[in-house]
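Spelled out from the first residue to the last, the chains are:
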Amino acid sequence: AAGFDDRLAALIRRREATFGAASVLFYKQPLEIMSASGVWMHAADGRRYLDMYNNVASVGHCHPHVVAAIADQAGRLATNTRYLYDVVHTYAEKLLATFPAPLANVALTCTGSESNDLAMRIARAATGGEGFVVTETAYHGNTSAVTDVSPSSFKQRRVPRHVRVVPAPDVYVNETADVGARLAADVAAAAADLEASGIRFAGMLADSIFSSDGIYADPPGFLKPVVEAVHAAGGLFIADEVQPGFGRTGDALWGFARHGVVPDIVTMGKPMGNGFPMGGVVTSPDLMAVFAAETGYFNTFGGNPVAAAAGLAVMEVIEGENLLANARRIGALVRDRLKALGNRHPVIGDVRGAGLFVGLEFSEPGSRTPSPATATAVINGLKDEGVLIGAAGLYGNVLKIRPPLVFAEEHVDVFVDAIDRVLGRI
Ligand code: PMP
């Protein structure tokens, strides 16, 4: 064990020496992960950890079909996007076939941040506006433009002049009869406030399951009046599908489908290549043409042949292994089991979500007062139990339950039994 601790300490020192203050790690005693397979991650300490955090390796870590597709394509051609490649268009056609009209064009990128950055450029070009509305704990990425619309990374920064934040569609702490009407009214007021400040409204960016805000999926359809309010104010609605996309919600491949809306622009990333970095922006040919006429766009790596092969393989696995149905069935089981646990552990305030994206909100017993201390204790306790998980929400008191979509009943038992033991101890 001493040798192991020394090795870990040396790795942390090397990381701090090279990455400096920007080095962000999970846990006080960080984990060194050596490999992963399916829902399990294998650490250098010899233990295996159940991955409840991941939405990158969404079809399961190192899925053999995806690994083979990447290896095969990398062995034949891996280069820029300047020429014609059949696999890229096979992929684009397969991806676009999952979207409703008029969303028929795609621009391929390398990350979710780049996708949102591009979506904002399209919205600016199409509306002539500069102003954006987002929810108060949203995260949309790390470029300078998307950092401006990511309140969860503001820290000491103030909200930029061209941005307005509105409360999340929370129906637990802020009991509201009609959350859609409330959010729509907030968005309309925010857009009007931008205009009153001389800033033309360009649109709203919203994660369609409000992941960083604390996971809000219900009631289905609540985004309808919100999208109408955005359009009435002359803006575009951008659905950030980086977290809910690719089947996580179980309803459909895309989180916005749960609400019966058609966004003007859809952005995606994270699970798209199951670990191979890739992202995309889907929009209508009209919007793509307005944007291209104004600025031109080129991306060296976005939509390179290896990314396309990875993306194609991911979609084949989602279909072939019926992962939407699995997300629906196992996600419902997770929620039922956690609700039952709430009868014995009064810190469990709310259990919510869609498919395999479940939020578990901790509150002070007998009230709806957020309890972030419980979430922190549970996250650390679960690590000791061999379960990796994180938290979200304005107060950081909502466990973000987001395992790979190949999560099975036996894994639900492991997770729920572990959380039961941890809650019993704290
Ligand atoms: N949008 C959302 C909703 C995200 O969760 C993230 C990443 N956490 C991003 C965008 C940015 O994606 P990336 O880190 O791939 O740039």
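Conventions adopted
Residues numbered from 1 in each chain as written. Predicted model: local features only at pLDDT ≥ 70, side-chain atom pairs only at ≥ 80, totals over all residues. UniProt positions renumbered as here; feature names shortened; annotations may be inferred. Axes fitted to C-alpha atoms, helices over the stretch in contact; angles between N-to-C directions. Helix = DSSP H or I, 4+ residues; strand = E, 2+ residues; numbered from the N terminus. Parallel < 35°, antiparallel > 145°, perpendicular 65-115°, else oblique. Contact = placed C-beta atoms within 7 Å. Buried ≥ 20, exposed ≤ 12 C-beta atoms within 10 Å, placed from the backbone. Expected span 1.5 Å × (residues − 1). Domains from an automatic or database assignment. Nonpolar A, V, L, I, M, F, W, Y, C, P; charged D, E, K, R; others polar. Pairing = 2+ DSSP bridges. Near = placed C-beta within 6 Å. Arc of directions from axis to C-beta.

In the nomenclature of an unreviewed UniProt entry, the protein is known as 4-aminobutyrate aminotransferase-like enzyme of Oharaeibacter diazotrophicus. According to UniProt, the comment filed for the protein under the heading Cofactor (unreviewed entry) is "pyridoxal 5'-phosphate". Quoted verbatim from the Sequence similarities (unreviewed entry) field of the UniProt record, the comment on the protein reads "Belongs to the class-III pyridoxal-phosphate-dependent aminotransferase family."

Caption draft 1: Broad picture of the packing of helix H4 (residues 112-127) against helix H8 (residues 285-295). In the contact formed by H4 and H8, the axes pass within 9 Å of each other and the chain directions differ by 90 degrees. Here H4 is positioned roughly perpendicular relative to H8, judged by the angle of their axes. Here Arg121, Ile122, Ala125 and Ala126 of H4 lie close against H8, whose contacting residues are Leu287, Val290, Phe291, Glu294 and Thr295.

Caption draft 2: Quick look at unusual backbone geometry. A cis amide bond links Ala101 to the next residue, Pro102, at an omega of 5 degrees. Here Pro102 lies in the loop between helix H3 (86-96) and strand S4 (105-109). Put simply, Asp218 and Pro219 share a cis peptide bond, and its omega is -5 degrees. With respect to the element layout, Pro219 can be found in the loop between strand S7 (201-207) and helix H7 (224-232). Positive phi, normally seen in glycine, also occurs at Tyr27, with a value near 75 degrees. By the secondary structure assignment, Tyr27 is in the loop between helix H1 (2-19) and strand S1 (33-37). With 10 C-beta atoms packed within 10 Å, Tyr27 lands in the exposed category.

Caption draft 3: Representation of helix H9 (residues 305-320) within the structure. Its 16 residues give H9 an end-to-end C-alpha distance of 22 Å, which sits within 8% of 22 Å, the value for a rise of 1.5 Å per residue. Counting buried positions over the 16 residues of H9 gives 12, a clear majority of the element. Residues of H9 that are buried include every one of Pro305, Val306, Ala307, Ala308, Ala309, Ala310, Gly311, Leu312, Ala313, Val314, Val317 and Ile318, and no others. Where H9 is buried, its residues touch helix H2 (64-74), H3, S4 and helix H10 (323-342).

Caption draft 4: How the structure looks around the domain arrangement of the protein. You can read the domains of the protein as domain 1 (31-59 + 322-425) and domain 2 (65-320). Taking only C-alpha atoms into account, the centre of domain 1 sits 25 Å from that of domain 2. Secondary-structure elements contributing two or more residues to the side of domain 1 that touches domain 2 are H10, strand S11 (348-354), strand S12 (357-362) and strand S15 (398-401). Along the lines of polarity and charge, the residues of the side of domain 1 that touches domain 2 split into 14 nonpolar, eight polar and six charged.

Caption draft 5: Geometry of the sheet that holds S15. Judged by pairing direction, the sheet is antiparallel, and its four strands sit side by side in the order S11-S12-S15-S14 without closing on themselves. If you trace the sheet from one side to the other, it starts and ends with S11 and strand S14 (390-392), each paired once. Averaged over all adjacent pairs, the angle separating strand axes in this sheet is 30 degrees, with direction ignored. With respect to the sheet, H10 is in contact with S11, S12 and S15, its orientation differing from that of S11 by roughly 170 degrees. Relative to the sheet, helix H11 (residues 372-384) contacts S12, S14 and S15, its axis offset from that of S14 by approximately 160 degrees.

Caption draft 6: Examining the pairing of strand S10 (residues 279-283) more closely. Burial analysis of S10 places five of its five residues in the buried class, which makes it a mostly covered element. Here S10 shows two buried faces, one formed by Gly279, Val281 and Thr283 and the other by Gly280 and Val282. Here five bridges tie S4 to S10, and the two strands are oriented antiparallel to one another. Its bridge partner lying in S10, Val106 is registered against Val282. Strand direction decides the pairing type here: strand S9 (residues 265-268) and S10, joined by four bridges, are antiparallel.

Caption draft 7: Spotlight on the site of the ligand. Of all residues adjacent to the ligand, which total 15 residues, the nearest are Thr111, Gly112, Ser113, Gly141 and Val242. The element that contributes the greatest number of residues to the shell around the ligand is H4, accounting for three residues. Among the residues forming the shell around the ligand, the class breakdown is two nonpolar, 10 polar and three charged.

Caption draft 8: Layout of H8. For H8, every residue scored as buried is listed here: Leu287, Met288 and Phe291. Each buried residue of H8 sits inside an arc of 100 degrees when the element is viewed along its axis, so together they form one side. Away from the buried face of H8 by more than 90 degrees, exposed residues Pro285 and Ala293 are located. Its buried side turned inward, H8 meets S4, H4, S9 and S10. Immediately beyond the C-terminal end of H8, within one or two residues, lies Gly296, with a positive phi of roughly 75 degrees.

Caption draft 9: How the structure looks around the sheet that holds S1. Read across the sheet, four strands follow the order S1-S2-S3-S13 without closing on themselves; strand pairing throughout is mixed. Each edge of the sheet is formed by a strand with only one pairing partner; in this case those strands are S1 and strand S13 (387-388). Sheet topology places strand S3 (residues 48-51) next to S13; two bridges connect them, and they run parallel. Note that in S13 the partner of Asp51 across the bridge is Leu388.

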